[in-house]
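Below, each chain spelled out in residue letters.
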2 protein chains.
Amino acid sequence: QRCTHLRDIVFRAIGEDWIFLALLGVLMALLSFTMDYIIEKCQEAKLWLYEEVAFSVGLQYLAWTFYSIIFILFATGFTHLVAPQAVGSGIPEMKTILRGVVLKEFLTFKTLLSKIVGLCSSLGSTLPIGKEGPFVHIASIVATLLGKLTSFRGIYENESRRSEMLAAACAVGVAGTFAAPIGGVLFSIEVTATYFAVRNYWRGFFAAVCGALVFRLLALWFKNEDTITALFRTSLRTDFPFDALELLAYAFIGVVCGFGGALFILLHRKIILFTRKQKRMTIFLQKNRFIYPGLVALVIASLTFPPGLGQFFAGNLTSRQAINELFSNITWTTGQADNLAEEEIISHWKHPDTNIYVNLVIFIVMNFWFGAICNTLPIPAGVFVPVFTVGAAFGRLVGEGMAAWFPEGIPSGNVIRKIVPGGYAVVGAASLSGSVTRTISTSVIVFELTGQISHVLPAVVAVLIANAIANQLQPSFYDSIIKLKR
Amino acid sequence: QRCTHLRDIVFRAIGEDWIFLALLGVLMALLSFTMDYIIEKCQEAKLWLYEEVAFSVGLQYLAWTFYSIIFILFATGFTHLVAPQAVGSGIPEMKTILRGVVLKEFLTFKTLLSKIVGLCSSLGSTLPIGKEGPFVHIASIVATLLGKLTSFRGIYENESRRSEMLAAACAVGVAGTFAAPIGGVLFSIEVTATYFAVRNYWRGFFAAVCGALVFRLLALWFKNEDTITALFRTSLRTDFPFDALELLAYAFIGVVCGFGGALFILLHRKIILFTRKQKRMTIFLQKNRFIYPGLVALVIASLTFPPGLGQFFAGNLTSRQAINELFSNITWTTGQADNLAEEEIISHWKHPDTNIYVNLVIFIVMNFWFGAICNTLPIPAGVFVPVFTVGAAFGRLVGEGMAAWFPEGIPSGNVIRKIVPGGYAVVGAASLSGSVTRTISTSVIVFELTGQISHVLPAVVAVLIANAIANQLQPSFYDSIIKLKR
């Protein structure tokens, strides 16, 4: 009883809410870190298996495809059996909930379990699937469950406080995915709210910072990283990041990404509407619910198979590795590489029969429809990372083109400095993910992700252009899903 | 008439609002750039005059003090005669207006003129006075006047659209001061709103980016700058910005800045209440309204006089120069300097009779009360830059202390890397300005200002701590002013 008394004093001094938020942030960081670890191991296991059977291409193909199929089928089956509410991103549903609609069984422990296991499994398949949407959902469930604990009863019972905490949880979810507290908070506000209270923004920020701090400290202690760094740390040249004239090329990226984002949303909707229209097929697929995911996994895995078509578009890289390489500070087309690490990066994107441009175009086209189709599967899946990767590849393509066009750089005054294609990749990633999710905070997320802010102006300009164009053509990806579910 | 028709078509295609916002951003950038130029020339003129009469210390003293006094008195007289509404920061008033209160004569052309001329004059005096609050006010007036133009009548006549545009104008004002669009928008939301529409945030962002883009392009073309860069560009070490243990030192900065911010607000209020309490003095000062500003200018100019006390705390530096030097990537205490530029920086902060720590402490104490008292003068004056400078100095003090305590750096694993005092200065600046204005977006502003985001995590942690502590002790600086004006 003395213990309860002590707890009451502490709670009153600091404020129940803040303890709740800190706890939420820390819990999500732990969860995020553990899941990242499991997912990474699953992905590594696939490559390991693939290398193990190197003596036979046939076996390699079987290993490569079946590994993905099994993981996807497990995710499909598990989410279906435990809680089908865990299917999809979760952001559209959270948007609906924060508007005051009650979705049944959406924030229960069963759904949490289903989402966590399903997400680990679907990401472990190495298919291009995102995790930021599911993480928003997971964080919201964790917040709800935490609110049911005796100490936080007050939060759970008060309607308006509960929705405040849910808003904060969404912020923690995004921030936890990328360890990007500022961008995460803004992103969650943009995708879930139309009006928001400044005090909610402070709360979300606080929880997100607690989460990001723990997340990075965990990385420091367990992954033997040198220090607390950004997730996709870049080392782009900062003394002269870009010439004013290059802004035109950046604006061009924005324009294309605007159309591209709208096309992505359209494609995704068309796929869903197409499967719905075929009545007999729909019934057949619903009865045999493993056929569609299995087929999709088979097709995607076959196409990325490294000795097959995969050799032309870095099929053996996970999204994370691909993003890291696309953001690298070397010009691929000139083929200059100072060390082994750089040579390895270029080797992934070069092929004797084609050139880097062709490979990048294949990468963009392939991952574009991979991303759209993976989001129609009945598994927990997000959209952010896939489009982020495609955007980065497109940016890199433009950047490499610029570097080839101006091999000496653009003269300004008496100095001539070379073009940094990595900067274009960063801007492209922000633009496409911004136009698909219809947010401008992606421009903040990329800086937190890369740890460099030198390209801030091109990025915000391109993101704004992309958003403006996409807005004329299509609703946001999440709004499109909300409409489809009606 | 064909012209009007054409205009109508363009307006309908792009949307009147967006043209309005873009125009507002560009206009504010032009204004901001021109004013920066004038202010810089005024400040340079003071130093030139001071150097010209180097043959006599007495003349130097007269030149140094009278220059400041004349500028301050001119600002006092001008604002009093043209429009006394221009006195002070403007943010508290904008907060009141955005809540729906009508302040008379606050958004007229006369006030604009009074604020612009008054601000140029008060900043030209080289006293520690900020410009971000006045800029918010100026942007709001420009938006209001722009709304009265025939083409934008629709905006001016619609109450809710007008307030939307005013909110965007506040964002442009902050963003224009620092060419920091993202942080500027967030800062303006935090200081003026309690509830906020996401669409307003997009609008503010758009206008701010237009402004920042033009602002930086102007700098590129007219100031012969190499390229588009940040305002206070730092070159801190980024490969290993800080050790996890240093987070404790950063948290300490946050704690002290929290108390410091509260103390600043208290001091400012006490000064105002003190002058009000003395009835006879108040009447005397109101009749002779030049005495108080003149006295303050005399005292501050005398104290900063370089051959006098000024030699101990870099009295001959403007806030801008001081911030640049405090953020520099060299450790002052070790006295290592690789080139002449670095030697010059250290020479400003070193004195044979004292040491760097003492000088920094004097700098902090002096500028602390300078900042508080300057904000009580009847001239256009902001608070952000003064407290930002003090915070930077405090951060530098802690950083230098850490560097002296761990001259070899803190060992982590098998690598030992030295401490970066410049990073501490950045965090200190964000913390103190955050706790005074009670915002967390200062942590974003510093990254846009410095062009480096490597210290994002320590900065947000310190800013959150500073805000939490200051919040327990005092209202925000702007709320304190609102209370005083009631």
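Residues numbered from 1 in each chain as written. Chains lettered and ligands numbered in written order. Predicted model: local features only at pLDDT ≥ 70, side-chain atom pairs only at ≥ 80, totals over all residues. Heavy atoms only, no water.

Moving on, we come to the overall build of chain A. Along its length, chain A carries 21 helices and three strands. At 23 Å, chain A has a C-alpha radius of gyration in line with the 23 Å of a compact globule built from 486 residues. Along the first, second and third principal axes, the C-alpha atoms of chain A reach 70 × 60 × 45 Å. For chain A, with 486 residues in total, the buried portion stands at 61%. Pairs at least 24 apart in sequence give 78% of the contacts found in chain A among residues at least 6 apart. Here chain A displays about 19200 Å² of accessible surface, and carbon together with sulfur accounts for 64% of that area. The centroid of the 38 positive side-chain charges in chain A is displaced by 14 Å from the centroid of its 30 negative side-chain charges. (Helix = DSSP H or I, 4+ residues; strand = E, 2+ residues; numbered from the N terminus. Rg over C-alpha atoms; globule rule 2.2 N^0.38 Å. Buried < 20%, exposed > 50% of the residue type's maximum accessible area, 1.4 Å probe, protein only. Contact = heavy atoms within 4.5 Å. Areas by Shrake-Rupley, 256 points an atom, 1.4 Å probe, with all protein chains shown as cover. Lys, Arg positive; Asp, Glu negative; His and termini not counted. Charge placed at Lys NZ, Arg CZ, Asp CG, Glu CD.)

With that settled, the discussion passes to the packing of helix 8 (residues 159-178) of chain B against helix 10 (residues 198-222) of chain B. In a pair of packed helices, the angle between the axes and the distance between the axes together describe the arrangement. Residue and element names in this part refer to chain B. One can describe the packing of helix 8 onto helix 10 by two numbers: an axis separation of 8 Å at closest approach and a directional angle of 35 degrees. Judged by the sense of rotation from one axis to the other, the crossing of helix 8 with helix 10 is right-handed. Together, E164, M165, A167, A168, A171, V172, A175 and G176 of helix 8 and R199, N200, R203, G204, A207, A208 and F215 of helix 10 make up the contact between the two elements. Partitioned by chemical class, the residues of the contact of helix 8 with helix 10 number nine nonpolar, three polar and three charged. (Axes fitted to C-alpha atoms, helices over the stretch in contact; angles between N-to-C directions. Left-handed = near helix turned anticlockwise from the far one by under 90°. Nonpolar A, V, L, I, M, F, W, Y, C, P; charged D, E, K, R; others polar.)

Okay, the side chain of H268 of chain B next. Residue and element names in this part refer to chain B. Locating H268 in the fold gives a position in helix 11 (residues 246-277). Residue classification places H268 among the buried residues on the basis of a relative accessible area of 1%. Look past the residues within four positions of H268 in its chain and what remains in contact with it is A372, N375, T376, F477 and I481.

What follows covers the interface of chain A and chain B. For an interface, size is often stated in terms of accessible area lost upon the parts coming together. Chain A puts 52 residues into the contact, and the matching count from chain B is 52 residues. Among the residues chain A hides against chain B, the three largest losses belong to F196, I453 and L457 of chain A. Together they make up 13% of the total. At the junction of chain A and chain B, the tally comes to zero salt bridges. The tally of links between chain A and chain B comes to three residue pairs in polar contact (both at pLDDT 80 or more). Among the elements that line the side of chain A that touches chain B, the one with the most residues is helix 10 (residues 198-222) of chain A, at eleven residues. Per-class residue counts for the side of chain A that touches chain B are 34 nonpolar, nine polar and nine charged. As defined by bridge partners, strand 1 (residues 195-197) of chain A adjoins strand 1 (residues 195-197) of chain B across three bridges and the pair is classed as antiparallel. Of the residues in strand 1 of chain B, the one forming a bridge with Y195 of chain A is A197 of chain B. (Buried area = accessible area lost by both parts, 1.4 Å probe. Salt bridge = Lys/Arg side-chain N within 4 Å of Asp/Glu carboxyl O. Polar contact = N/O pair within 3.5 Å; in protein donor to acceptor, adjacent residues only side chain to side chain. Pairing = 2+ DSSP bridges.)

Residues and elements named next belong to chain A. Scanning the entire structure with this criterion turns up 42 aromatic pairs over all chains. With centroids separated by 6.5 Å and ring planes inclined at 55 degrees, the aromatic side chains of F313 and F370 adopt a geometry described as tilted. Of this pair, F313 sits in the loop between helix 13 (291-304) and helix 14 (319-326) while F370 sits in helix 16 (residues 356-374), placing them 57 residues apart in sequence. On the basis of relative accessible area, F370 is assigned to the buried category, the value being 1%. Centre to centre, the rings of F384 and F388 are 5.7 Å apart; their planes meet at 20 degrees, and the pair counts as stacked. (Phe/Tyr/Trp six-rings, centres within 6.5 Å; stacked < 30°, edge-to-face > 60°.)

Ranked by internal contacts, the top residues of the largest apolar core, which has 288 residues, are Y201 and W332 of chain A together with Y201 and W332 of chain B. Contacts of Y201 of chain A, omitting those with residues within four sequence positions, involve V185, L186, I189 and F196 of chain A together with L186, E190, I440 and S441 of chain B. (Core = buried A, V, L, I, M, F, W, Y, C linked by side-chain atoms within 4.5 Å.)

It is worth spelling out the packing of helix 2 (residues 16-52) of chain A against helix 6 (residues 132-147) of chain A at this point. All names here are of chain A. It is the contact of helix 2 with helix 6, at a shortest axis distance of 10 Å, that shows an interaxial angle of 135 degrees. With respect to helix 6, the element helix 2 is oriented oblique. Crossing hand, helix 2 versus helix 6: right-handed. Of the residues in helix 6, those touching helix 2 at F20, L23, L24, L27, M28, L31, S32 and M35 are F135, I138, A139, V142, A143, L146 and G147. Here the residues of the contact of helix 2 with helix 6 sort into 13 nonpolar, two polar and no charged. (Parallel < 35°, antiparallel > 145°, perpendicular 65-115°, else oblique.)

Our focus in this paragraph is the relation of the copies chain A and chain B. In screw terms, the move from chain A to chain B is a rotation of 180 degrees and a rise of 0.0 Å along the axis, fitting with an RMSD of 0.0 Å. Here the copies are linked by what is in effect a two-fold axis. An overlap of 100% is found between the interface residues of chain A and their copies at the interface of chain B, pointing to a shared contact surface. (Least-squares fit on C-alpha atoms with pLDDT ≥ 70 in both.)

Next up on the list: helix 3 (residues 57-82) of chain B. Helical geometry note: an α-helix holds 3.6 residues per turn, so side chains three or four residues apart project in the same direction. The end-to-end C-alpha separation of helix 3 of chain B is 37 Å, in line with the 38 Å expected for 26 residues at 1.5 Å each. The backbone nitrogen of G58 of chain B has a side-chain oxygen 3.3 Å away, supplied by the residue at the start of helix 3 of chain B, namely S56 of chain B. (Expected span 1.5 Å × (residues − 1).)

This brings us to the confidence of the model for chain A. Of all residues in chain A, 91% have pLDDT values of 70 or greater, and the mean over the chain is 84. We note a pTM of 0.87 for the whole complex and an ipTM of 0.84 for its interfaces. (pLDDT = per-residue confidence, 0-100.)

A few words now on the environment of V185 of chain A. All names here are of chain A. Relative to the helices and strands, V185 is located in helix 9 (residues 181-192). Classification of V185 as buried rests on a relative accessible area of 1%. For the pair V185 and T389, spaced 204 residues apart in sequence, the C-alpha to C-alpha distance is 21 Å. With sequence-adjacent residues up to four places away left out, V185 is seen in contact with A171, Y201, G204, F205 and A208.

Turning our eyes to something else, we now look at a nonpolar patch on the surface. Nonpolar side chains collect at one region of the surface, where F55, L59, L62, F66 and I70 of chain A lie side by side and expose about 530 Å² of accessible area between them. Locating I70 of chain A in the fold gives a position in helix 3 (residues 57-82). (Patch = residues over 30% accessible without salt bridge, like charges linked within 9 Å, V, L, I, M, F, W, Y side chains within 5 Å.)

Bringing the environment of V82 of chain B into the picture now. Residue and element names in this part refer to chain B. Turning to its location among the elements, V82 is positioned in helix 3. On the accessibility criterion, V82 (19% relative accessible area) is buried. Distance from V82 to S114, taken between C-alpha atoms, is 5.7 Å for residues 32 residues apart in sequence. Setting aside anything within four residues of it in sequence, one finds V82 in contact with K110, L113 and S114.

All names here are of chain B. Along the chain, S188 falls in helix 9 (residues 181-192). A residue is classified by how much of its surface remains accessible, and S188, at 3% relative accessible area, is buried. In this structure S188 touches A167, C170, A171, V174 and A193, once residues within four positions along its chain are discounted.

Another aspect to go through is the pattern of salt bridges. If you walk through the whole model with that rule in mind, you get 16 salt bridges over all chains. In this structure, the salt-bridge partner of K95 of chain B is D479 of chain B, at a minimum N-O distance of 2.9 Å. With a gap of 384 residues between them, K95 of chain B in helix 4 (residues 91-98) and D479 of chain B in helix 21 (residues 477-485) connect regions that are remote in the sequence. Take K95 of chain B: its relative accessible area is 7%, and that puts it in the buried class. Among the charged side chains, a salt-bridge network with shared partners connects D17, E164, R199 and R203 of chain A.

All right, on to unusual backbone geometry then. With a phi close to 55 degrees, R438 of chain A is a non-glycine residue in the positive phi region. Topologically, R438 of chain A is positioned in the loop between helix 18 (421-437) and helix 19 (442-450). In this structure, T126 of chain B takes a positive phi of about 65 degrees despite not being glycine. Among the secondary structure elements, T126 of chain B is positioned in the loop between helix 5 (109-124) and helix 6 (132-147).

Our next topic: the state of the cysteines. Each disulfide consists of a covalent bond between the sulfur atoms of two cysteine residues. Per the stated rule, a full pass over the model turns up zero disulfides over all chains. In this structure C257 of chain B is not part of a disulfide, and its nearest cysteine sulfur, from C210 of chain A, lies 19 Å away. We classify C257 of chain B as buried; its relative accessible area is 2%. C374 of chain B carries a free sulfur, and the closest cysteine sulfur to it, the one in C42 of chain B, is 16 Å from it. For C374 of chain B, a relative accessible area of 1% corresponds to the buried category. (Disulfide = S-S within 2.5 Å.)

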